[in-house]
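The chain contents come next:
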Amino acid sequence: MKIEIKLNDTMSFSISTMLFTILIFFSIIFSGCETIANESANSNDRERFIFPLQSKSHYIINRFGSYKNLFTEAEDFHDGIDIRASVGTTVIASLDGVVFFIGEDKYYGKSIIITHNDDFKTLYGHLNSYNVKQGDIVSRGSKIAESGNTGYSTGPHLHFGIYKNKIPVNPLEYLY
Ligand SMILES: [Zn+2]
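Caption draft 1: Looking closely at the overall build of the chain. Counting its secondary structure elements, the chain contains 1 helix and 12 strands. For the chain, the α and β elements follow one another from N to C terminus as α-β-β-β-β-β-β-β-β-β-β-β-β. Relative to all contacts within the chain whose residues are 6 or more apart in sequence, the contacts with residues 24 or more apart total 62%.

The following block contains the structure:
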């Protein structure tokens, strides 16, 4: 009997320790996300990036930041914006830069990453085809790809992300 009680005490102790650890873990993760989402753009950076499609009249179907994942029901983080665009829409470089990566990603599908000055990178995902190759120098507004529906996508759209020092920032704060 005594042994049984002892066991239960140990168990409840380790469960509460585990719950506490999980709580700490999540609070660290979510406080981190909040910092990223709330970080506002430096005024010098605000008007350098242009909308990655030729026409601005495209709906933004998913914004940057935390959201509830409908499949897993868990809190998730979207590190860019999703812009509705039919397959074959011209995708343009948001800023002058060098093509750093071209390839297939499990989530972003066919994607391109461009490096810019001052540790900025932009990512273009779910593409249909590429018009540049790795190492190409691109200028702001030049055609780099055609949008598509590749990778983890629920319909034709362009995923567009801006990273500052490898940290995702809200593109809507930087675009004009
Ligand atoms: Zn997206």
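Caption draft 2: Representation of unusual backbone geometry within the structure. In this model, glutamate 73 sits at a positive phi of 60°, which is unusual for a non-glycine residue. Relative to the assigned elements, glutamate 73 resides in the loop between strand 2 (65-68) and strand 3 (75-78). Accessibility expressed as a C-beta count within 10 Å gives 8 for glutamate 73, which makes it exposed. Backbone geometry places lysine 166, a non-glycine residue, at a positive phi of 70°. Among the secondary structure elements, lysine 166 is positioned in the loop between strand 11 (157-164) and strand 12 (167-169).

Caption draft 3: Local environment of the confidence of the model for the chain. Mean pLDDT over the chain: 82, with 74% of residues reaching 70 or higher. For the stretch residues 1-7, pLDDT sits under 50, and the model shows 0 contacts to residues farther than four places along the chain or on other chains. Between residues 15-38, whose pLDDT stays under 50, and residues either more than four places distant or in other chains, the model counts 9 contacts.

Caption draft 4: Representation of the nonpolar core. By size, the foremost hydrophobic cluster in this structure holds 25 residues, and its most contacted members are Val91, Ile112, Tyr124, Ile144, Ala145 and Leu158. The greatest single-element share of this core, amounting to 4 residues, is contributed by strand 8 (residues 120-130). Once you skip the residues sitting within four places of it in the chain, leucine 158 turns out to touch Pro52, Leu53, Ile83, Ala85, Val91, Tyr124, His126 and Ser147.

Caption draft 5: The arrangement of the pairing of strand 11 in detail. The element strand 11 is extensively covered by neighbouring structure, given that 6 of its 8 residues are classed as buried. One ladder, built from 4 bridges, connects strand 4 (residues 81-84) with strand 11; its direction is antiparallel. Bridged to arginine 84 within strand 11 is histidine 157. Two strands pair when backbone bridges link them, and strand 11 and strand 12 are joined in this way by 3 bridges, in the antiparallel orientation. Counterpart to isoleucine 162 in the pairing with strand 12 is valine 169. Linking strand 11 back to strand 12 in an antiparallel pair, the connection comprises 2 residues, with asparagine 165 at a positive phi of about 50°.

Caption draft 6: Molecular detail of the environment of valine 132. Inspection of the secondary structure puts valine 132 in the loop between strand 8 and strand 9 (137-138). Given 18 C-beta atoms within a 10 Å radius, valine 132 is considered partly exposed. Each C-alpha atom of the pair valine 132 and isoleucine 102 lies 8.6 Å from the other, and the pair is 30 residues apart in sequence. Apart from the residues within four sequence positions on either side, valine 132 is in contact with Val99, Val138 and Ile144.

Caption draft 7: A look at the environment of valine 99. Tracing the sequence through the fold places valine 99 in strand 6 (residues 97-105). Since 19 C-beta atoms lie within 10 Å of it, valine 99 is described here as partly exposed. Sequence separation between valine 99 and histidine 116 is 17 residues; the distance between their C-alpha atoms is 9.2 Å. Valine 99 has contacts with Ile112, Ile114, Val132, Lys133, Gln134, Gly135, Asp136 and Val138, leaving out every residue within four places of it along the chain.

How each quantity is defined
Residues numbered from 1 in each chain as written. Predicted model: local features only at pLDDT ≥ 70, side-chain atom pairs only at ≥ 80, totals over all residues. Helix = DSSP H or I, 4+ residues; strand = E, 2+ residues; numbered from the N terminus. Contact = placed C-beta atoms within 7 Å. Buried ≥ 20, exposed ≤ 12 C-beta atoms within 10 Å, placed from the backbone. pLDDT = per-residue confidence, 0-100. Core = buried A, V, L, I, M, F, W, Y, C linked by C-beta atoms within 7 Å. Pairing = 2+ DSSP bridges.

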